Structure formats: structure tokens, C-alpha cells
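# Summary of structural features
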Amino acid sequence: MKLARNQLTLNGKTVSFTDGETILTLANRMGVHIPTLCHDPRLDPVGACRMCLVEVTGFNRLVPACTQKATPGMEVITENARITRHRQTLLALYMTDHPQDRNAVEKGAPNQLLDLAEQYQAPLNWGRMLPIRSARDDDRNPYILFNADLCISCARCVRYCAEVERVSAITLANRGASTTVATADNASLLDTSCEMCGGCIDVCPTGAMTEKMPLTRNHKPERELRKVRTTCNYCGVGCQIDLNVDDIANDGRGMVVKITSPPPGTTVNDGNLCVKGRFAYDFIHHPDRLTQPLVCNENGELQPTTWDDALEKAVNGLQAVAKRYGADALGFVSSSRCTVEENYLMQKLARAVFHTNNVHQCAAT
Amino acid sequence: MNHIKSDVPELIQQQGGLKPDVSKQVSRHTGVAEADVYGVGSFFHLLSRSDKKLRVCTGLSCQMAGADKVLQAALDAGLPVEPCSCLAACDQPTAVLRDREVIPGVQVEEIKQTGGDWTKLKQEMSPGGKGWLGHIGPSVENDGDLAINLAGAPDWSGTALRMALTRSANHIIAIIKSSELQGRGGAGFPAHIKWQAVQSQSEPERYVVLNADEGEPGTFKDRELLMRRPDRIVEGLAIAAHAVGAKDVFLYLRGEFAYPKKSIELAIQQFRQRGLLADLRFHSHSGQGAYICGEETALLEALEGKRGMPRLKPPFPVEVGLWGKPTLIHNVETIACVPEIIKRGGDWFKNLGRTAAGTKLYCISGHVQKPGTYELPLGITLDELVESAGGYIGKLKAFCPGGASSGFLPADKRNIALDFQALAAVGSMLGSAGVIVLNDTVDMKWAVGQQLRFFEDESCGQCAPCRIGTRYLREAVNAELNGSATMHSPNLKFAEDVAWQMNEASICGLGQTASLALTSAMTYFPEDFQ
Ligand SMILES: Cc1cc2nc3c(=O)[nH]c(=O)nc-3n(C[C@H](O)[C@H](O)[C@H](O)COP(=O)(O)O)c2cc1C
Ligand code: SF4
Ligand code: SF4
Ligand code: SF4
Ligand code: FES
């Protein structure tokens, strides 16, 4: 059979690839599952975890699907006895250097290594080695915990920090079996260039890089929480976030116990967040938070009221000023925490309804 | 050169190693992120453990000669000491590293005499360093049938270089091709293919790199060559640079090669004074204590100032090398063969060998009378080599034909030609031709443990099969040695699967060959594993 310029065979089926596409992206697109650990679509592939190795005719060695570009006429095989043996023995080896008890391991995020070991029925009887990677247990930063025992040295966190966040606050340190993730001089993240974006947590496949607060507060593991997709209200970018809700907490009223980012490639923010969006969620259940409209009574004291009443009072007040002093006596200031759409509506209100150009937003200077 | 050279490892060295705040200072100086500086410093043992002023070699050959006792004596004397990987002085055990100077042949008594003052160890060794020269063979100058001729006086006339400069690149490459010169760094890859590949790249900026990181346990020929015939190396480099169109030559010498580095730098001056190197630029770099940087792509990373983690191949350095430019990388010995090939022709060189082209520097250590470096026709047998080295000590039990990576062969394989092909056919390799001889006093399980510890210490840690596998196998063997194996500890029962995984899935040659020491010993010496 003659293949076109942009075709190859994947498990015997002829498929078309786009220029520059890797075997992994092609396979994913075709619904063929290839397991990975060090891969993240936001990062340059490095082929280090060895999980995604497949067979390509003409190559003696197994080939990393995450780095290997599709080329015309290539014959790719993702399932056979050799690949099964590879996946099982690799996972078995990983598991000699990793805790195996899911309850102990998954206090926070789900652990993809355990998932893969289960999925491929890796032997778990090869014995265990003592953990020797160093951590930074005394790091006083409030958000990020590095549990070195769970680290598989995939360097996703390090590469994310360098390639996406572009601050290189963390590095692979030491070498060989002692390879770990460190900061310069093992300083607290607070004393580095770290921006507390938490991206290192998001990319970590095992939960080695994890969020402190849900752990210290003894919240349920992420697997048992319900995810509610919403828009972050800290700024106008419109990042999508997933509220992780414990439905039973808070006397059955439910509670947001942590925030995670949606998978990369699915939302406008591509799985990225900033320190506020990811970690500053305590305001949600804060007792000081305004939860109903307030209007001043005759004594100048704020009193709860209905939305209808509050809006009516606002409309009346604005119209009264405009009538007495002219439209330009009014000024409208909106917030950078509003979305673009909300800011648009604010200027519409100023210009089209009240006929003034006096409109501003706190981040527009 | 149109890039900024990154000197991160050198700058850390100048600051006395990776001490607190050094990352910050080097970062300020270079613009490289602090964390990245720290990552580099912590990778290299000579930088990360700068407080260790003495290091005792625990390579197999030194161990067989009692390195353990030397180490223990140093610990007892309260010296700032730690064990280290092979120091390329296996012919003169026990080797000790003081700062960055190798002191060969150290005895327990000498350690005791220091009285705890590390600077006092064999003071007469520095400077000079001649004490490091080992036995060579042939030991007298011989011009007829040797490509290297270690005993010969350095030749600064540049005859071969002058001849090469009058020839076209294609002509030179044709001569190299006809010589059938194979790389002497380990893989035995035909040299001319790499020269041709670099020469024919469309990118005009190309580099030549000399791999003098010699760290394979049992190997010390490059040291001998650098000390005795640096003329051959510099002339070979200049010829290679001319042939592939490079203006910059990078020398990467292991950090422990302080004397060899001086020797080759002097040789460059010698040729320069004679106006022979024209506009060729030489840049010499010291390694910082990492065997893996002998792997060519890890070496390139280290030259670029990064952690020495091998790159994925392809692309190969001939296409994407140093700073992404086409790069010709050769072992010291490969390059040193070039001048005589140019002078005397490809056929001459080819016919020097017995089963493959050329003469070869064989390093031999362990249980033989005169460990050393012997230049012999490629393809001689172990017995012939040992005869040059004065004969066996005791009864031959096993040998490594090409360093730790080549595993062990039993005495009955003593008649195999020590060449790339024949050894590959029995699942071993010629590698760096670091031959280690073990007599029947050696327990193979113990010997395997030495090799596995080396690989575990020197794994870069990038890929799981090697990072975890080397440690697993070492712990499994140790557990057997101490009788401490349990259901829950690494176990030799699984060695075959672990080895399979390491061979199949490791990124580079270290992980791909590390298990061979164990699997070959288990095959050939089952009685030692009962
Ligand atoms: C783990 C490892 C260590 C190596 N160490 C060295 C070394 O110390 N010196 C060397 O010349 N080649 C070494 N090599 C081989 C190099 O990768 C490369 O093949 C060689 O430098 C090419 O030169 P050649 O063609 O002259 O042999 C090593 C390879 C591996 C996988
Ligand atoms: S939180 Fe962001 S900036 Fe800080 S280490 Fe993690 S990825 Fe880097
Ligand atoms: S902390 Fe997580 S992401 Fe970072 S190297 Fe370890 S396993 Fe990978
Ligand atoms: S095989 Fe070992 S030395 Fe080579 S890249 Fe992998 S971890 Fe590093
Ligand atoms: S120098 Fe000691 S074994 Fe090589």
C-alpha cells in the first residue's frame, strides 16, 4: 500500500499526521492511549520518564512517543508483548522507590503512578528501597509542600517553572538515586524568585509537589471532592478554575476546600493560574464576606436589604446627581477583579445610559 | 563564536565549591538563574562536596589492591576523606585524589604518617606529577609499526598537519576512511562517517571536541597519552578541525586530570610557537567529577555549563552538537591515531591491526605483574596482552575486557580477539579497552558489587530505569553479600527483569550496560551466587 506524504501506520492502521506532530499527540488524537509521566503539553518534551516508549520499525531501541516526530511511512506499534513487558517492568521498578499504600499516598492530589501500576498490573513484589531524596521540610512558605518520597524526578515542576512561569525558582538537584527538586541553597520558596503560581503542583503526576492548606486542615483527598468549574474573580483575564467542593463539610452546606486548574488545552488559561486564583480562596467562606446588599439608613448605618431596594436607591441617587449637576458630575469606577464583560457593561452604563465619559477601571492606568 | 559561553561550573569551582551563597554570586555574574546554578553545582561531586579534600579511589582495581584499607586508615586518621569513583590510575593502586591532584600508589602507612593533615600526603608529588606515569609497552621508541608510540619523543614538526593543510577535506576523509579507524572511546564507530557528516552540514559554524573525560573503571590510556604524546593529540585535532571546517576546538578533561591538562596546554603552545595552528582556537575545560560526562551528549551539556545529563539521540552531535552546531567528538586515542594515518596512509594503519584496523592502547590492571598501557595490534588475545604485562598473578578466573561496562568474561574466553566485533558477539564489548584481570581469590559477587556501586554513584538520575535500577541491583547484591536479603528488600530473583528494563529503556549507554557486570557474572559464575 502506498502512503501519502503525511501518512504513517499506527498499529497497522493508516493515519494522517500534521507537520511536526509527535507520535504521542497523533496517537492521542486517534484515541490510542500511550501512558506518560513526564509529559505535559505545555512543556518541551524530554523523554525522561520512559513510560511512553513504543516500537517504531527501523529503530532497534524502543522510542519515546513524546519526543519522536511522526515521519512519512513510519510504522508505529503501541501494544505488543515487548511493550507490555517494558511497561510492567518499568512500573515495577518505579514502585520499588515509591510508597504503595494509596491511602497514605493520596492525601492530596491523585497519584498517576499508582494508577498506571494498577492499569498495567505491574508486579509489586520486587521489594522496596528506603527513600533517600532530600526535601525542604522547613520551608516556611504557606502554600507549597514538597514530599520528596513521592517524587519520581520527572522534572515537570522544574520545567514548568522555567518554561511557562519563566522564573526558574526550582531545579533538579544532586544526581543518580539522590536526584531531587530543590531551590538554590535549599532556601524557602519565599526567598527565591518563586511567584507562588502553584504550577509545579498542577503538573506533578504523583502529588509530590502539593498544596499545604488542605493537608494541614485535614480535608478530604482530591479524589473524593466534587469539582465545580467557574471563573476566577481576582482579575479580568477570566481564568477557569475548578472549585474542589466537599459537599458534606460545613454542616452539610458544602465547602470549597481547594482550587485546582482545569487540564491544559481545555480552557483559556491552559491550566495555568496565579497565586491568587490558586491559593487565595479562603475568602469564600470568610465570615466578613458580604453576602447580601447593604444600604445606609437615616443614621448612616449600613443595613441589609433586598436587591430591588438597593438597586432602586442607587438609580435614584445617580439620577439625582445628574439632574442637579449634569452628567459629567458622575464618575464610574469599576474593578480589575471584574471580568472583561463586566467592565464592558460598566462603560456602557456610563456612556449610553448616563451620557458621560467619566469611566475608569482600577487597572487601566 | 556567536554565543555566550557559560562558565557556571568553573565559576563555582573558583568560589571553592557549592557553598552557601555561591549560587547567588554566580547567578549575578552570569545571569543564569540561582536555582539552575545550584542544580549544576550539586550534580558534580568535586563541586558539591568541596569539603572533602581527599578522595580514595574505590574502583575495582584499586579495591582488589586494598583501597578499602587505605580509606579506613584515612577515616581513622580523621582526614576529610570520602570514597570516589575510578581515578584512571588503576595501574597504580591505590589512587588518592588530593584536591584535584591524583596521587597514585598510596599505602596505608603513608596515610598514617599524615597525622590527620591532608596536605602532608606525599608532598613530593606536587608539582611535576611525573609520578603518575605508568608502565607502557613497547617501552622503547619504535617507529615502525605503532600508530601512537607512547615511548616516542614528542614531535613538534607538524609534518602530518602540514600535509593535511595542502589537501582537501574530501581527500583527508578518504584517507581516514581507508584506514578503517574506529572510535576508541567505547563504541568503535567508524571515524570517517562522523567526519563526513560534520563536513557536509549546511551550517558553517562547526566544532571539534576532544573527549578526555576518561572515567571508565580500568581505563587510563588517555591519561598516558595526554602526558606522553600530547603532540599527537593536538596535531590530530588540528587536522580534524581542518577537515570538518571548524575553527574552535574544545578540550574536555576530567577534573582530576590537572597534570594531563597542563601537558596538553603546553603542547598547544609548542605548536603555536611554530606557527602551526594559525587561527584555530583551543578552549580547555575541566570536568567537575562526573563519569557520565564522558558520554558525548552529557559532555556537551557540561560544556554548555549545565547538569551533565545525556541528551536523547537522534539527533546526533554531528548534526546538533555543542550549542546546537554540528560537532565532531572524539576520544583522545582516536584523535591521536590521525597524524600517523595522514603521514603513512590509510592502508598502513589498517594493516597494523590483526582482526580490525590499527594498533590499540590496551590498559591492563588487576592481577597481572606489570599493569600498564600497552600498544598492540587490535585483536590480540588476553593471554598475549597479559604476556606483555609480565604475566598473571595467580590463576585467571575472570576478566573485564573493556571496563566496568563490558561485564565479566570467564577464563575460558581468554582466546577471544580483543576487538569490537568479537567481544560484541559474546555479549560483551571492547569499550575503552580497560582490561581488568581477576584471579581465583576474588568472589565474583563482591566484584559485581564494586561495579554496581560505581554505576549507582555515577548515574545522572535522569531516567528511571538507570536511576532506580542501578541502585536496586546494588542493594540486591549487597543484601546477598551481607546475608540480609528479605522479602521486602531488593532481590536478585528479579535481576533478570530489572536488567532487561535497564537495557531496553535507559536513555544512554550507562544504564544500558550497567547490569552487564551482574548478569554476566551470574551466567558465568553461578557458583559464586549460590
Ligand atoms: C556512560 C558513558 C561514558 C563514556 N565515557 C567516555 C569517556 O570517558 N571517554 C570517551 O572518549 N568516550 C566515552 N564514552 C563514549 C562517548 O559517548 C563517545 O562515543 C566517544 O567520545 C566518541 O568518540 P570516538 O568515536 O572517538 O570513540 C562514554 C559513553 C558512555 C555511554
Ligand atoms: S509556584 Fe510557580 S514560580 Fe513557584 S516554584 Fe512553583 S512553578 Fe515555580
Ligand atoms: S515533584 Fe512532581 S513534578 Fe516535580 S520532579 Fe517530582 S514527581 Fe516530577
Ligand atoms: S541511562 Fe543513566 S546515566 Fe544515562 S541518561 Fe539515564 S539515568 Fe542518566
Ligand atoms: S584508579 Fe582505582 S580502579 Fe581505576
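Reading the values: the criteria
- Residues numbered from 1 in each chain as written.
- Chains lettered and ligands numbered in written order.
- Predicted model: local features only at pLDDT ≥ 70, side-chain atom pairs only at ≥ 80, totals over all residues.
- Heavy atoms only, no water.
- Helix = DSSP H or I, 4+ residues; strand = E, 2+ residues; numbered from the N terminus.
- Buried < 20%, exposed > 50% of the residue type's maximum accessible area, 1.4 Å probe, protein only.
- Contact = heavy atoms within 4.5 Å.
- Areas by Shrake-Rupley, 256 points an atom, 1.4 Å probe, with all protein chains shown as cover.
- Lys, Arg positive; Asp, Glu negative; His and termini not counted.
- Charge placed at Lys NZ, Arg CZ, Asp CG, Glu CD.
- Domains from an automatic or database assignment.
- Buried area = accessible area lost by both parts, 1.4 Å probe.
- Near = heavy atom within 4 Å.
- Nonpolar A, V, L, I, M, F, W, Y, C, P; charged D, E, K, R; others polar.
- Pairing = 2+ DSSP bridges.
- Axes fitted to C-alpha atoms, helices over the stretch in contact; angles between N-to-C directions.
- Salt bridge = Lys/Arg side-chain N within 4 Å of Asp/Glu carboxyl O.
- Polar contact = N/O pair within 3.5 Å; in protein donor to acceptor, adjacent residues only side chain to side chain.

The next point concerns the overall build of chain A. From N to C terminus, chain A includes 10 helices and 16 strands. Taken over the C-alpha atoms alone, chain A extends approximately 85 × 55 × 40 Å along its principal axes. Within the span of chain A, comprising 365 residues, buried residues form 46% of the whole. Taking as baseline every contact in chain A between residues at least 6 positions apart, the subset at least 24 positions apart corresponds to 58%. Element-wise, carbon and sulfur atoms account for 53% of the exposed surface of chain A, whose accessible area totals about 18,200 Å². When the 39 positive and 40 negative side-chain charges of chain A are each reduced to one mean point, those points stand 6 Å apart.

All names here are of chain B. Per the domain assignment, the segments making up chain B are domain 1 (3-48), domain 2 (54-120), domain 3 (146-350), domain 4 (359-439) and domain 5 (444-529). Between the C-alpha centres of domain 4 and domain 5 there is a distance of 23 Å. Counting residues at the interface gives 16 residues for domain 4 and 14 residues for domain 5. Carbon and sulfur atoms make up 69% of the surface buried where domain 4 meets domain 5, a total of about 1,100 Å² over both sides.

Surveying the vicinity of ligand 4 reveals 13 residues, the closest of which are Cys 460, Cys 463, Cys 466, Cys 508 and Gly 511 of chain B. Classifying every residue of the shell around ligand 4 gives eight nonpolar, five polar and no charged.

Let us look at the pairing of strand 1 (residues 7-10) of chain A. Residues and elements named next belong to chain A. Of the two faces of strand 1, the one carrying Gln 7 and Thr 9 and the one carrying Leu 8 and Leu 10 are both buried. Relative to strand 2 (residues 13-16), strand 1 runs antiparallel, the two being bridged by four bridges. Counted as the bridge partner of Gln 7 is Ser 16 from strand 2. Hairpin connection between strand 1 and strand 2: a loop of two residues separates the two successive antiparallel strands, and Asn 11 in this loop has a positive phi of roughly 50°. The pairing of strand 1 with strand 5 (residues 75-77) spans two bridges and is classified as parallel. Pairing of Leu 10 across the sheet is with Val 76, part of strand 5.

Residue and element names in this part refer to chain A. Here we have three strands laid out as an open sheet, ordered 10-11-12, and antiparallel in their pairing. Each end of this open sheet is capped by a strand with a single partner; those strands are strand 10 (226-231) and strand 12 (255-260). Going across the sheet, the axis of each strand differs from the next one's by a mean of 35°, ignoring polarity. The sheet contact formed by strand 10 and strand 11 (residues 240-246) spans six bridges and is antiparallel. Across the sheet, residue Lys 227 finds its bridge partner in strand 11, namely Asn 244.

At the interface, 44 residues of chain A touch 51 residues of chain B. Both faces considered, chain A and chain B share a buried interface measuring about 3,800 Å² in area, 54% of it formed by carbon and sulfur atoms. In this structure, the salt-bridge partner of Asp 97 of chain A is Arg 471 of chain B, at a minimum N-O distance of 3.9 Å. For the interface between chain A and chain B, the tally reads 24 residue pairs in polar contact (both at pLDDT 80 or more). For the side of chain A that touches chain B, the elements supplying multiple residues, two or more each, are helix 2 (81-96) and strand 7 (171-173) of chain A. Split into classes, the residues belonging to the side of chain A that touches chain B amount to 21 nonpolar, 15 polar and eight charged.

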